[in-house]
Amino acid sequence: MSDFTGVMGLLPFRRWLWIDLPGYGNCAAVGGGTEFDASVRAVAALLDRLGLPQVDVLAQSLGGTVALQLAAVRPDLIRRIALIGSQPTAHPGGAADFIADPSLGARTREKYYGGDGPSVAKMQDLLATLEWYDGSTIPESTVQARYRSSITPIALAAATDATQRVVPNDIGAVLDSIEAPTLVLWGRHDPFAGPDYAAALAAALPRGDLVVLGRTAHHPQAERPQAVAAVVDAYLTDRS
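Figured I'd write up the structure that's included with this text. (Residues numbered from 1 in each chain as written. Predicted model: local features only at pLDDT ≥ 70, side-chain atom pairs only at ≥ 80, totals over all residues. Heavy atoms only, no water.)

### Describing the overall build of the protein
So, step 1. Along the protein, the regular secondary structure elements total ten helices and four strands.
So, step 2. Shown N-terminal to C-terminal, the secondary structure of the protein runs as helices and strands in the order α-α-β-α-β-α-α-α-α-β-α-β-α-α.
So, step 3. Over its C-alpha trace the protein gives a radius of gyration of 17 Å, about what one expects of a compact globule, namely 18 Å for 240 residues.
So, step 4. Overall size of the protein, expressed as C-alpha extent along the three principal axes, is 50 × 40 × 40 Å.
So, step 5. A buried classification covers 45% of the 240 residues belonging to the protein.
So, step 6. Look at the contacts in the protein between residues 6 or more apart in sequence, and 71% of them connect residues 24 or more apart.
So, step 7. Of the roughly 11,300 Å² of accessible surface on the protein, a fraction of 55% belongs to carbon and sulfur atoms. (Helix = DSSP H or I, 4+ residues; strand = E, 2+ residues; numbered from the N terminus. Rg over C-alpha atoms; globule rule 2.2 N^0.38 Å. Buried < 20%, exposed > 50% of the residue type's maximum accessible area, 1.4 Å probe, protein only. Contact = heavy atoms within 4.5 Å. Areas by Shrake-Rupley, 256 points an atom, 1.4 Å probe, with all protein chains shown as cover.)

### Thoughts on the side chain of Asp190
So, step 1. Examined against the element boundaries, Asp190 turns out to sit in the loop between strand E3 (182–187) and helix H8 (195–204).
So, step 2. Summary of buried charges: Asp190 has no salt-bridge partner, and the nearest side chain of opposite charge, Arg107, is 11 Å away.
So, step 3. Sequence-distant contacts of Asp190, defined by excluding residues within four places in its chain, comprise Gly85, Thr216, Ala217 and His218. (Lys, Arg positive; Asp, Glu negative; His and termini not counted. Salt bridge = Lys/Arg side-chain N within 4 Å of Asp/Glu carboxyl O.)

### Brief notes about the packing of aromatic side chains
So, step 1. Applying the stated criterion to the full structure yields four aromatic pairs.
So, step 2. On the basis of an interplanar angle of 40° and a centroid distance of 5.3 Å, the ring pair of Phe4 and Trp18 is categorised as tilted. Of this pair, Phe4 sits in the segment before helix H1 (5–10) while Trp18 sits in the loop between H1 and helix H2 (36–50), and the two are 14 residues apart along the sequence.
So, step 3. Classification of Trp18 by relative accessible area gives partly exposed; the value is 28%.
So, step 4. Seen in terms of ring centroids, Trp16 and Trp18 are 5.3 Å apart; in terms of plane orientation they differ by 10°. Their pairing is stacked.
So, step 5. Here Trp16 falls in the partly exposed class, since its relative accessible area comes to 25%.
So, step 6. Three or more aromatic residues link up through ring pairs in this structure, and these residues are Phe4, Trp16 and Trp18.
So, step 7. Across the ring face of Tyr235, the terminal group of Arg80 is positioned such that the distance to the ring centre comes to 4.7 Å. (Phe/Tyr/Trp six-rings, centres within 6.5 Å; stacked < 30°, edge-to-face > 60°. Lys NZ or Arg CZ within 6 Å of the ring centre and 35° of its normal.)

### Describing the nonpolar core
So, step 1. Of all hydrophobic cores here, the largest spans 34 residues; its most connected members are Leu68, Leu70, Ile78, Ile81, Leu175 and Val184.
So, step 2. The set of elements that each furnish at least two residues to this core consists of H2, strand E1 (55–60), helix H3 (62–73), strand E2 (78–84), E3 and H8.
So, step 3. Residue contributions to this core peak at six residues, all from H3.
So, step 4. Look past the residues within four positions of Val184 in its chain and what remains in contact with it is Leu83, Ala198, Leu201, Ala202, Leu205, Asp209, Leu210 and Val211.
So, step 5. The next biggest cluster of nonpolar side chains, apart from the first, holds 15 residues, and it includes Phe4, Ala227, Ala229 and Val232. (Core = buried A, V, L, I, M, F, W, Y, C linked by side-chain atoms within 4.5 Å.)

### Quick word on the environment of Ser61
So, step 1. If you trace the backbone, Ser61 turns up in the loop between E1 and H3.
So, step 2. Residues Ser61 and Phe192, 131 residues apart in the sequence, show an inter-C-alpha distance of 9.8 Å.
So, step 3. Once you skip the residues sitting within four places of it in the chain, Ser61 turns out to touch Ile84, Gly85, Ser86 and His218.

Structure below.
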(Lines give C-alpha, C1' and ligand atoms only; values in the text may rest on other atoms or scores of the structure.)
Protein backbone atom coordinates (compact mmCIF):
# COMPACT_ATOMS: atom_id res chain seq x y z
CA MET A 1 0.00 0.00 0.00
CA SER A 2 2.94 2.35 0.59
CA ASP A 3 3.36 2.76 -3.18
CA PHE A 4 -0.16 4.17 -3.51
CA THR A 5 -0.32 6.50 -0.52
CA GLY A 6 0.68 9.49 -2.65
CA VAL A 7 -2.06 8.84 -5.21
CA MET A 8 -4.62 8.13 -2.49
CA GLY A 9 -3.75 11.36 -0.69
CA LEU A 10 -4.25 13.35 -3.89
CA LEU A 11 -7.73 11.85 -4.42
CA PRO A 12 -9.28 12.06 -0.93
CA PHE A 13 -12.77 12.50 -2.38
CA ARG A 14 -12.74 8.93 -3.67
CA ARG A 15 -13.71 6.03 -1.44
CA TRP A 16 -10.83 3.55 -1.27
CA LEU A 17 -10.80 -0.14 -0.40
CA TRP A 18 -7.25 -1.47 -0.30
CA ILE A 19 -6.88 -5.25 -0.63
CA ASP A 20 -3.93 -7.48 0.19
CA LEU A 21 -3.98 -10.47 -2.15
CA PRO A 22 -3.51 -13.92 -0.57
CA GLY A 23 0.16 -14.42 0.17
CA TYR A 24 0.90 -10.69 0.27
CA GLY A 25 0.87 -7.98 2.93
CA ASN A 26 -1.07 -9.19 5.95
CA CYS A 27 -3.15 -11.76 4.06
CA ALA A 28 -2.11 -15.38 4.44
CA ALA A 29 -2.53 -17.88 1.63
CA VAL A 30 -6.14 -19.00 1.18
CA GLY A 31 -6.59 -22.51 2.50
CA GLY A 32 -2.85 -23.05 2.38
CA GLY A 33 -2.80 -22.58 -1.39
CA THR A 34 -1.79 -19.61 -3.49
CA GLU A 35 -2.85 -20.63 -6.98
CA PHE A 36 -3.73 -17.61 -9.07
CA ASP A 37 -7.43 -18.50 -9.33
CA ALA A 38 -7.64 -18.48 -5.53
CA SER A 39 -6.69 -14.81 -5.54
CA VAL A 40 -9.43 -14.05 -8.06
CA ARG A 41 -11.98 -15.98 -6.01
CA ALA A 42 -10.88 -14.24 -2.80
CA VAL A 43 -11.39 -10.76 -4.25
CA ALA A 44 -14.77 -11.74 -5.69
CA ALA A 45 -15.86 -13.19 -2.34
CA LEU A 46 -14.83 -10.01 -0.52
CA LEU A 47 -16.76 -7.76 -2.89
CA ASP A 48 -19.80 -10.04 -2.66
CA ARG A 49 -19.62 -10.07 1.13
CA LEU A 50 -19.41 -6.28 1.30
CA GLY A 51 -22.35 -5.99 -1.07
CA LEU A 52 -20.65 -3.35 -3.16
CA PRO A 53 -22.01 -2.28 -6.54
CA GLN A 54 -19.67 -2.42 -9.52
CA VAL A 55 -16.30 -1.08 -8.44
CA ASP A 56 -13.44 0.65 -10.20
CA VAL A 57 -10.06 -1.02 -9.74
CA LEU A 58 -6.66 0.63 -9.51
CA ALA A 59 -3.98 -2.04 -9.35
CA GLN A 60 -0.33 -2.61 -10.11
CA SER A 61 1.56 -5.59 -11.56
CA LEU A 62 0.04 -8.87 -10.28
CA GLY A 63 -2.98 -6.98 -8.92
CA GLY A 64 -3.82 -5.78 -12.41
CA THR A 65 -3.73 -9.31 -13.76
CA VAL A 66 -6.09 -10.44 -10.99
CA ALA A 67 -8.43 -7.54 -11.86
CA LEU A 68 -8.48 -8.51 -15.53
CA GLN A 69 -9.26 -12.15 -14.77
CA LEU A 70 -11.97 -11.08 -12.34
CA ALA A 71 -13.50 -8.82 -15.00
CA ALA A 72 -13.53 -11.79 -17.38
CA VAL A 73 -15.27 -14.22 -15.01
CA ARG A 74 -17.38 -11.77 -12.96
CA PRO A 75 -18.13 -8.75 -15.16
CA ASP A 76 -20.93 -7.79 -12.77
CA LEU A 77 -18.31 -6.77 -10.18
CA ILE A 78 -16.03 -4.52 -12.23
CA ARG A 79 -16.90 -1.18 -13.85
CA ARG A 80 -13.51 0.19 -14.90
CA ILE A 81 -9.89 -0.86 -14.45
CA ALA A 82 -6.72 1.22 -14.29
CA LEU A 83 -3.74 -1.09 -14.23
CA ILE A 84 -0.08 -0.19 -13.90
CA GLY A 85 2.77 -2.32 -15.22
CA SER A 86 0.70 -5.53 -15.32
CA GLN A 87 1.79 -8.39 -17.58
CA PRO A 88 -1.18 -10.76 -17.89
CA THR A 89 0.30 -12.60 -20.84
CA ALA A 90 3.68 -13.04 -22.51
CA HIS A 91 2.26 -12.28 -25.94
CA PRO A 92 -0.69 -9.84 -25.83
CA GLY A 93 -2.87 -10.26 -28.88
CA GLY A 94 -0.61 -13.08 -30.04
CA ALA A 95 2.16 -10.61 -30.90
CA ALA A 96 5.43 -12.52 -30.77
CA ASP A 97 7.55 -9.36 -30.66
CA PHE A 98 6.14 -7.91 -27.45
CA ILE A 99 7.41 -10.40 -24.90
CA ALA A 100 7.52 -9.58 -21.21
CA ASP A 101 10.43 -10.94 -19.17
CA PRO A 102 8.72 -13.68 -17.11
CA SER A 103 11.87 -14.61 -15.19
CA LEU A 104 12.90 -11.15 -13.98
CA GLY A 105 10.71 -11.30 -10.88
CA ALA A 106 12.05 -14.70 -9.88
CA ARG A 107 15.64 -13.58 -10.40
CA THR A 108 15.02 -10.45 -8.35
CA ARG A 109 13.43 -12.42 -5.50
CA GLU A 110 16.33 -14.90 -5.46
CA LYS A 111 18.89 -12.08 -5.33
CA TYR A 112 17.06 -10.17 -2.61
CA TYR A 113 16.32 -13.10 -0.32
CA GLY A 114 19.44 -15.10 -1.16
CA GLY A 115 22.92 -14.85 0.31
CA ASP A 116 22.79 -13.09 3.67
CA GLY A 117 19.06 -12.39 3.29
CA PRO A 118 17.04 -9.18 3.02
CA SER A 119 18.51 -5.85 4.06
CA VAL A 120 17.72 -2.17 3.75
CA ALA A 121 20.66 -1.75 1.37
CA LYS A 122 19.39 -4.53 -0.90
CA MET A 123 15.93 -3.02 -0.90
CA GLN A 124 17.37 0.36 -1.89
CA ASP A 125 19.18 -1.32 -4.80
CA LEU A 126 16.06 -3.24 -5.85
CA LEU A 127 13.93 -0.10 -5.94
CA ALA A 128 16.57 1.90 -7.79
CA THR A 129 17.21 -0.87 -10.33
CA LEU A 130 13.68 -1.97 -11.16
CA GLU A 131 10.97 0.21 -9.72
CA TRP A 132 12.14 3.83 -10.01
CA TYR A 133 13.62 5.61 -13.00
CA ASP A 134 15.69 7.95 -10.80
CA GLY A 135 16.94 6.02 -7.79
CA SER A 136 18.39 9.15 -6.21
CA THR A 137 14.90 10.48 -5.51
CA ILE A 138 13.57 7.48 -3.56
CA PRO A 139 12.48 8.67 -0.09
CA GLU A 140 14.15 6.85 2.78
CA SER A 141 10.68 6.28 4.25
CA THR A 142 9.73 4.32 1.11
CA VAL A 143 12.81 2.13 1.39
CA GLN A 144 12.14 1.45 5.06
CA ALA A 145 8.45 0.70 4.49
CA ARG A 146 9.19 -1.71 1.65
CA TYR A 147 11.92 -3.40 3.66
CA ARG A 148 9.59 -3.92 6.63
CA SER A 149 6.92 -5.38 4.39
CA SER A 150 9.47 -7.76 2.87
CA ILE A 151 10.35 -9.41 6.17
CA THR A 152 6.90 -10.17 7.56
CA PRO A 153 6.20 -13.87 8.21
CA ILE A 154 3.94 -14.00 5.15
CA ALA A 155 6.52 -12.37 2.89
CA LEU A 156 9.32 -14.62 4.15
CA ALA A 157 7.17 -17.71 3.70
CA ALA A 158 6.36 -16.74 0.11
CA ALA A 159 10.03 -16.03 -0.58
CA THR A 160 11.35 -19.33 0.76
CA ASP A 161 8.49 -21.75 0.01
CA ALA A 162 7.20 -21.95 -3.56
CA THR A 163 3.92 -23.45 -2.32
CA GLN A 164 3.20 -20.16 -0.52
CA ARG A 165 3.77 -18.00 -3.59
CA VAL A 166 1.18 -16.83 -6.11
CA VAL A 167 2.16 -17.64 -9.69
CA PRO A 168 -0.02 -15.71 -12.15
CA ASN A 169 -1.70 -17.52 -15.00
CA ASP A 170 -1.20 -16.42 -18.58
CA ILE A 171 -4.68 -15.04 -19.30
CA GLY A 172 -4.07 -13.97 -22.88
CA ALA A 173 -6.93 -16.18 -24.06
CA VAL A 174 -9.56 -14.18 -22.17
CA LEU A 175 -8.38 -10.63 -22.84
CA ASP A 176 -10.72 -10.18 -25.80
CA SER A 177 -13.70 -11.08 -23.61
CA ILE A 178 -13.12 -8.28 -21.06
CA GLU A 179 -15.70 -5.56 -21.61
CA ALA A 180 -14.67 -3.29 -18.73
CA PRO A 181 -12.93 -0.15 -20.01
CA THR A 182 -9.29 -0.63 -19.07
CA LEU A 183 -6.51 1.92 -18.83
CA VAL A 184 -3.03 0.46 -19.36
CA LEU A 185 -0.73 2.91 -17.58
CA TRP A 186 2.97 2.28 -18.15
CA GLY A 187 6.33 3.61 -17.10
CA ARG A 188 8.41 4.26 -20.21
CA HIS A 189 11.45 2.68 -18.56
CA ASP A 190 9.73 -0.36 -17.02
CA PRO A 191 12.37 -3.14 -17.07
CA PHE A 192 9.77 -5.93 -16.96
CA ALA A 193 8.27 -4.95 -20.34
CA GLY A 194 8.50 -1.85 -22.49
CA PRO A 195 5.94 0.53 -24.01
CA ASP A 196 5.54 -1.74 -27.06
CA TYR A 197 4.21 -4.45 -24.77
CA ALA A 198 1.85 -1.97 -23.12
CA ALA A 199 0.53 -0.85 -26.52
CA ALA A 200 -0.07 -4.44 -27.58
CA LEU A 201 -1.87 -5.16 -24.30
CA ALA A 202 -4.15 -2.12 -24.70
CA ALA A 203 -4.89 -3.15 -28.29
CA ALA A 204 -5.78 -6.70 -27.18
CA LEU A 205 -8.46 -5.37 -24.81
CA PRO A 206 -11.81 -4.50 -26.44
CA ARG A 207 -12.00 -1.18 -24.55
CA GLY A 208 -8.34 -0.64 -23.80
CA ASP A 209 -6.62 2.75 -23.53
CA LEU A 210 -2.94 3.49 -23.13
CA VAL A 211 -0.92 6.11 -21.26
CA VAL A 212 2.89 5.96 -21.09
CA LEU A 213 4.61 8.17 -18.51
CA GLY A 214 8.17 9.27 -19.09
CA ARG A 215 10.80 9.32 -16.35
CA THR A 216 9.19 6.36 -14.57
CA ALA A 217 9.86 2.64 -14.34
CA HIS A 218 7.74 -0.16 -12.81
CA HIS A 219 6.15 1.98 -10.06
CA PRO A 220 5.09 5.29 -11.62
CA GLN A 221 2.44 5.70 -8.92
CA ALA A 222 5.25 6.10 -6.38
CA GLU A 223 7.65 8.10 -8.54
CA ARG A 224 5.15 10.51 -10.14
CA PRO A 225 2.01 10.31 -7.97
CA GLN A 226 0.58 13.64 -9.16
CA ALA A 227 0.67 12.60 -12.81
CA VAL A 228 -0.76 9.16 -12.05
CA ALA A 229 -3.50 10.59 -9.84
CA ALA A 230 -4.55 13.06 -12.54
CA VAL A 231 -4.67 10.41 -15.27
CA VAL A 232 -6.46 7.83 -13.11
CA ASP A 233 -9.03 10.31 -11.81
CA ALA A 234 -9.83 11.51 -15.32
CA TYR A 235 -10.13 7.94 -16.57
CA LEU A 236 -12.38 6.73 -13.78
CA THR A 237 -14.57 9.81 -14.17
CA ASP A 238 -14.93 9.33 -17.94
CA ARG A 239 -18.27 7.85 -18.99
CA SER A 240 -17.50 7.28 -22.68
